[in-house]
Amino acid sequence: MLKIVLKTFLKTMGIIILLLAVGAAGYFLTMLYYDTTEREERSTKYQHVIDVNAGSESSNLIYSVEKDTKLVRAIVLELFDKETGNLDYVTIPNKTQISLSSAKYNEYMEVSSQIPQIVTLRDINEYFAGDVAYEYGILLLQEVLNVDIGYFTAMDSEDFNKRFEKKEGAFIPRREYLDNVQQNKDEDAMRDFIEREWDVIISDITLSQKKQYAPGFVKVDRDLIYAHRAYAEEIKGKATLDGAKTKKMIDKIWESEKRETKQKHVDGTAAPTDIDKLKSRSIQITNGSKINGLAASFKEKLEAEGLYVMGVGDFSGEVQKKTIIYTRKRRWGRYLKSFFKAPVIQEAKELTNSADIEIVLGTDDKP
């Protein structure tokens, strides 16, 4: 009887020890899992200010962020319908400015004393600290567009530029990047690809949530991806969104049936030409040729293109043979090259009348 009791006791103790060992091992493996997958759950490390939504219609605000300054260099709203396989990208100017009402301004001031009443999307990392800044960017944009944006993705500008290029002023995935994406021909391969991509991005959804889109991404026809530009007025380094027109565009995208034809042209506000980019700059024309009426002639030509010529004058030195375009930024001079025969472009800080550009005319450009 004693042997039986002892045997039963030892067996019971063995089972208890085994259960404890299994429990301890389970706990250890669980903690190891969380340690190794901590990057996947970055979105759980802070309190969200939006209702994060990774539904069948994915509305994902993508930020291209400069590594050192944290300035937002590009903003693209990715709209993906998992059911139809339609994939669209709406480019929103990073210099978009949004004027807050007094009530909203006071509300944001409780969160950040750095926020001005007129905010610029490019500078959201100056107003708010941490990943939540990109969610505040969504809230600010929704103030104007009145559309639902489910979550964000932020990445370094270099990584963004590897994935996107501009077509008619709107961002769209590079063909080289699409080649890489479409090597993943089944759902499991696409999930693995999404996980590999996760290393270089910040998002407020989890990796497991993003992987839910794998079946839809496999269906995407790369030739039927559409690019759009938001409707906006861009003047002097600032942009003002036309919220009503852009919302109408986005609503139309969501209402689209499964696509069968390629995009004919990028819609939205027309991309600014090189001349358009100069329309907010001041130009001084200085006649270095000593040819009467030459400065007035070029003033008329430039103003006919909508450019602002703030003044004309005569050069005080010797007669100039070549026309020289002095400019604060070299690219501004390149935009004007076509008006002259063989101009020289030089950067300069101090220009006549504090102009942005000064053109010193030479005899090469006589009529």
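Our subject is the structure that appears above.
Thresholds applied
Residues numbered from 1 in each chain as written. Predicted model: local features only at pLDDT ≥ 70, side-chain atom pairs only at ≥ 80, totals over all residues. Heavy atoms only, no water. Pairing = 2+ DSSP bridges. Helix = DSSP H or I, 4+ residues; strand = E, 2+ residues; numbered from the N terminus. Axes fitted to C-alpha atoms, helices over the stretch in contact; angles between N-to-C directions. Contact = heavy atoms within 4.5 Å. Patch = residues over 30% accessible without salt bridge, like charges linked within 9 Å, V, L, I, M, F, W, Y side chains within 5 Å. Areas by Shrake-Rupley, 256 points an atom, 1.4 Å probe, with all protein chains shown as cover. Salt bridge = Lys/Arg side-chain N within 4 Å of Asp/Glu carboxyl O. Lys, Arg positive; Asp, Glu negative; His and termini not counted. Charge placed at Lys NZ, Arg CZ, Asp CG, Glu CD. Buried < 20%, exposed > 50% of the residue type's maximum accessible area, 1.4 Å probe, protein only. Polar contact = N/O pair within 3.5 Å; in protein donor to acceptor, adjacent residues only side chain to side chain. Core = buried A, V, L, I, M, F, W, Y, C linked by side-chain atoms within 4.5 Å.

Engineer: Help me understand the sheet that holds strand E13 (residues 282–287) in this model?
Structural biologist: Two modes of strand pairing occur in sheets, parallel and antiparallel, and in both the strands are linked by backbone hydrogen bonds. The mixed open sheet is built from 5 strands, whose spatial order is E14-E13-E17-E15-E16. This sheet does not close on itself; its edge strands, each paired only once, are strand E14 (308–314) and strand E16 (344–347). The sheet shows a mean angle of 20° between the axes of neighbouring strands, direction not considered. Here strand E15 (residues 324–327) pairs with strand E17 (residues 357–361) via 4 bridges, running antiparallel. Within E17, the position partnered with Thr327 by the bridge is Ile357. Sheet contacts for helix H12 (residues 294–304): E13, E14 and E17; angle to E13, the most-contacted strand, approximately 155°.

Engineer: Even after reading the chapter, I still don't get the sheet that holds strand E2 (residues 72–81), so can you show me in this structure?
Structural biologist: Read across the sheet, 6 strands follow the order E9-E6-E1-E2-E3-E10 without closing on themselves; strand pairing throughout is mixed. Since the sheet does not close on itself, it has two edges, and those belong to strand E9 (201–203) and strand E10 (226–229), each with one partner. Strand-to-strand twist of the sheet, defined as the mean angle between neighbouring strand axes without regard to direction, takes the value 25°. As defined by bridge partners, strand E1 (residues 57–65) adjoins E2 across 9 bridges and the pair is classed as antiparallel. Bridge assignment links Asn60 to a residue of E2, and that residue is Glu78. Together, E1, E2, strand E3 (87–92) and E10 form the strand contacts of helix H10 (residues 243–255), whose direction differs from that of E2 by roughly 35°.

Engineer: Can you help me understand a positive patch on the surface in this one?
Structural biologist: A cluster of basic side chains, namely Lys329, Arg330, Arg331, Arg334 and Lys337, defines a positive patch on the protein surface. Owing to a relative accessible area of 39%, Arg330 belongs among the partly exposed residues under this scheme.

Engineer: I would appreciate a short explanation of the side chain of Glu197 in the present structure.
Structural biologist: Within the fold, Glu197 resides in helix H7 (residues 187–197). Reaching out from Glu197, the side chain makes a polar contact with the side chain of Tyr177 at a distance of 2.6 Å. Aside from chain neighbours lying at most four places away, what touches Glu197 is Arg163 and Tyr177.

Engineer: How should I be thinking about the pairing of strand E7 (residues 164–167) in this particular structure?
Structural biologist: The side chains of a regular strand alternate, first on one face of the sheet and then on the other. Relative to strand E8 (residues 170–173), E7 is paired through 4 bridges, and the arrangement is antiparallel. If you follow Glu165 over to E8, its bridge partner there is Ile172. What sits between E7 and E8 in their antiparallel hairpin is a turn of 2 residues, with Glu168 showing a positive phi close to 55°.

Engineer: Please clarify how the environment of Asn161 should be interpreted in this entry.
Structural biologist: Assignment of secondary structure puts Asn161 in helix H5 (residues 157–163). For Asn161, a relative accessible area of 42% gives the class partly exposed. Along the sequence, Asn161 and Phe171 sit 10 residues apart, while their C-alpha atoms lie 9.8 Å from each other.

Engineer: Would you explain the nonpolar core in this entry?
Structural biologist: Within soluble globular proteins, side chains that are nonpolar tend to cluster in buried spots. Membership of the largest hydrophobic core comes to 39 residues, with the highest contact counts inside it found for Leu61, Tyr63, Leu77, Ile92, Leu140, Leu141 and Phe152. Those elements that provide at least two residues to this core are E1, E2, E3, helix H3 (124–127), helix H4 (132–145), strand E6 (151–156) and H10. Looking at which element gives the most residues to this core, the answer is H4, with 8 residues. Not counting residues up to four positions away in its chain, the partners in contact with Phe152 are Tyr46, Asn60, Leu61, Tyr63, Asp131, Tyr134, Glu135, Ile138, Ile202, Ser203 and Asp204. In terms of nonpolar packing, the next biggest core, distinct from the first, is built from 31 residues, Phe160, Ile172, Leu207 and Val220 among them.

Engineer: Explanation requested: unusual backbone geometry in the structure shown.
Structural biologist: What is expected of a backbone is that most residues other than glycine have negative phi and most peptide bonds are trans. Unlike most non-glycine residues, Lys70 shows phi in positive territory, near 70°. Take Lys70: it is sitting in the loop between E1 and E2. One non-glycine residue, Asn146, adopts positive backbone phi at about 55°. Along the chain, the position of Asn146 falls in the loop between H4 and E6.

Engineer: What exactly am I supposed to notice about the side chain of Thr84 here?
Structural biologist: Tracing the sequence through the fold places Thr84 in the loop between E2 and E3. Exposure remark for Thr84: the relative accessible area of 15% places this residue in the buried category. A polar atom in the side chain of Thr84 sits 3.1 Å from the backbone nitrogen of Asn86. Excluding anything up to four places from it in sequence, Thr84 contacts Ser256 and Lys258.

Engineer: Even after reading the chapter, I still don't get the environment of His48, so can you show me in this structure?
Structural biologist: With respect to the element layout, His48 can be found in the loop between helix H1 (2–36) and E1. Within the local environment of His48, its side chain forms a polar contact with the backbone oxygen of Ser43, the two atoms lying 2.7 Å apart. There is a polar contact of 2.6 Å between the side chain of His48 and the side chain of Glu135.

So, to be careful, I would describe these as geometric facts and stop short of saying anything about function.
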